[in-house]
Amino acid sequence: MLKGKKILLGISGSIAAYKSPLIVRLLVKAGASVKVVMTPASASFVSPLTLATLSKNPVLQNLFDESTWANHVELGRWADLMLIAPLSCNTLAKMAGGHCDNLLLATYLSAICPVMVAPAMDEDMWLHASTRTNIETLRKRGCTVLDVGHGELASGLIGEGRMAEPEQLIAAIEGFFAASGQLNGKKALVTAGPTYEAIDPVRFIGNHSTGKMGYAIAEELAARGAAVTLVSGPTNIIVKSKEIRLLKVTSAEEMYEACMGAADYDIAVMAAAVADYTPEVVAERKIKKSEGGLLLNLEKTRDILASLGRKKTAGQVLIGFALETDNEEKHARKKLEEKNADLIVLNSLNDQGAGFGHDTNQVTLFYRSGEQRKIELKSKPALAKDIADAITEIVK
């Protein structure tokens, strides 16, 4: 499973670093290539010489060493996965804050590969509000945060905060790479963000969608091996994966045309908040404010989800989103049937922390089989994994 994989192991200053040699040994035994980056503090807990011997690669500790510069950018591009184990409370806080005062942090900030972290600290630190906030910050940024264990801690207390055991870490890495190939060879079409419907050259009709959910789904599908075309309305989000082809659009009609042009998909996820109506006429010049009111005649936009549903062929999987304020389940099931979708992801504006403008979301999945599944409030990247799991099940 790990043969030929390139793993960058980051080690921070925690007593749990005594487990690092075994992590390296197990990775190498599984066929992985391993490079190790250490914080200065971690060298007090584990020998760089031991790690270099086991990994068969020099251990890097400093950004600058006499006349030598450690290329943190190259390290972050070399790896298939960066694992930081142990992740101390101090390094966690620096990662969350974007600090860059050692080689490990510089490598993390420039890494384009997925990042997995294994926290290790005393229970009081682990449960502190600052730590909880920092952990959530890393999750929102796409890091995989592994669970801590319960048991004897360095303080002598019994509680939560133990780093996952080396064997558990290897299993988590194997699971990550197993998932990353689930959609190899599949083509995915994803829409994200709002549409802006022009009234005149300076004004438009729009909505509060940020595009975060759609972008997170696109990134997750790409991470699982799919070749993704992302059709995005106006957002300020930057695409991370090189497997994503980004098509920028503004209006509902432009999004419709882009989606129809990519209709040879295997998987389509319509996560964008597309305007239902657009002005019949767009003024060529800015409409000047006058004493009276302004009357706009609106016409319906073309329904992208319904159009894809009508054209859907055997083997294609179509996912729609529904944002509702009342009779949520009734409307979601109706949309599932009328649009010929395989899955509807229901957002309710009645759920706190869900909907537009939030970094979190909670949804209910409605399947063609009649099954429904509620997913609790979590970060949008974490929720994207759940939605991708559901999609992968349907594809299989």
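Scroll up for the structure.
If you're wondering where the values come from, they're calculated on a predicted model, not measured in any experiment.

**A look at the sheet that holds strand β19 (residues 343-348)**
On the basis of which strands lie adjacent, the open sheet formed by eight strands has the order β14-β13-β10-β15-β18-β19-β20-β21 and mixed pairing. Whereas interior strands pair on both sides, the edge strands pair on one side only; in this sheet they are β14 (244-248) and β21 (372-379). Across this sheet, the average inter-strand angle for adjacent strands is 20 degrees, counted without regard to direction. Of the strands in this sheet, β10 (187-192), β15 (267-270), β18 (317-324) and β19 touch helix α11 (residues 304-311), which is tilted by about 155 degrees from β18. Where helix α13 (residues 380-395) meets the sheet, its contacts fall on β15, β18, β19, β20 (360-367) and β21, and the angle it forms with β21 comes to roughly 150 degrees.

**A closer look at the packing of helix α1 (residues 20-29) against helix α8 (residues 166-180)**
Running from N to C, α1 and α8 cross one another at 40 degrees; their axes reach a closest spacing of 9 Å. Comparing the axis directions of α1 and α8 gives the class oblique. Of the two possible hands of crossing, α1 and α8 adopt the one that is right-handed. In contact with Leu22, Ile23, Leu26 and Leu27 of α1, α8 contributes Pro166, Glu167, Leu169, Ile170 and Ile173. Residues belonging to the contact of α1 with α8 are distributed by class as follows: eight nonpolar, no polar and one charged.

**Points about the pairing of strand β13 (residues 227-232)**
Within β13, five of the six residues are buried, which leaves the element mostly enclosed by the surrounding structure. With six bridges joining them, β10 and β13 adopt parallel strand pairing. Residue lysine 187 lies in a different strand from β13, and its bridge partner there is alanine 227. Inspection of the sheet shows β13 paired to β14 by five bridges, in the parallel sense. Considered in β14, the bridge of serine 232 is made with lysine 248.

**Observations regarding the pairing of strand β5 (residues 81-87)**
Where a strand is regular, its side chains alternate between the two sheet faces. Counting buried residues along β5, seven of its seven residues qualify, which places the element largely inside the surrounding structure. Strand direction decides the pairing type here: strand β1 (residues 6-11) and β5, joined by four bridges, are parallel. Bridge pairing links isoleucine 7 to leucine 81 in β5. As judged from the four bridges shared by β5 and strand β6 (residues 115-119), these two strands associate in the parallel manner. Along β6, the bridge assignment pairs methionine 82 with valine 115.

**Some words on α8**
Taking 1.5 Å per residue, 15 residues should reach 21 Å; α8 reaches 21 Å between its end C-alpha atoms and fits that length. Those residues of α8 that are buried are in contact with β1, α1, β5, β6 and α9 (212-223).

**Looking at the sheet that holds β1**
Spatially, β2-β1-β5-β6-β7 is the arrangement adopted by the five strands of the open sheet, whose pairing is parallel. At either margin of the open sheet sits one strand with a lone partner, and together these are β2 (33-38) and β7 (144-145). Each of β1, β2 and β5 touches α1; the most contacted strand, β1, lies at about 180 degrees to it.

**Concerning a nonpolar patch on the surface**
Judged by side-chain polarity, Tyr277, Leu294, Leu296 and Leu298 come together as a nonpolar surface patch covering roughly 370 Å² of accessible area. Structurally, leucine 294 can be placed in the loop between β16 (277-279) and β17 (298-300). For leucine 294, a relative accessible area of 57% gives the class exposed.

**Details of the environment of isoleucine 304**
Along the chain, isoleucine 304 falls in helix α11. On the accessibility criterion, isoleucine 304 (6% relative accessible area) is buried. Spatially, the C-alpha atoms of isoleucine 304 and glycine 320 are 9.9 Å apart, while their sequence positions differ by 16 residues. Other than its neighbours up to four places away in sequence, isoleucine 304 contacts Ala252, Met255, Tyr256, Cys259, Met260, Met270 and Val274.

How each quantity is defined
Residues numbered from 1 in each chain as written. Predicted model: local features only at pLDDT ≥ 70, side-chain atom pairs only at ≥ 80, totals over all residues. Heavy atoms only, no water. Pairing = 2+ DSSP bridges. Helix = DSSP H or I, 4+ residues; strand = E, 2+ residues; numbered from the N terminus. Axes fitted to C-alpha atoms, helices over the stretch in contact; angles between N-to-C directions. Contact = heavy atoms within 4.5 Å. Parallel < 35°, antiparallel > 145°, perpendicular 65-115°, else oblique. Left-handed = near helix turned anticlockwise from the far one by under 90°. Nonpolar A, V, L, I, M, F, W, Y, C, P; charged D, E, K, R; others polar. Buried < 20%, exposed > 50% of the residue type's maximum accessible area, 1.4 Å probe, protein only. Expected span 1.5 Å × (residues − 1). Patch = residues over 30% accessible without salt bridge, like charges linked within 9 Å, V, L, I, M, F, W, Y side chains within 5 Å. Areas by Shrake-Rupley, 256 points an atom, 1.4 Å probe, with all protein chains shown as cover. Salt bridge = Lys/Arg side-chain N within 4 Å of Asp/Glu carboxyl O.

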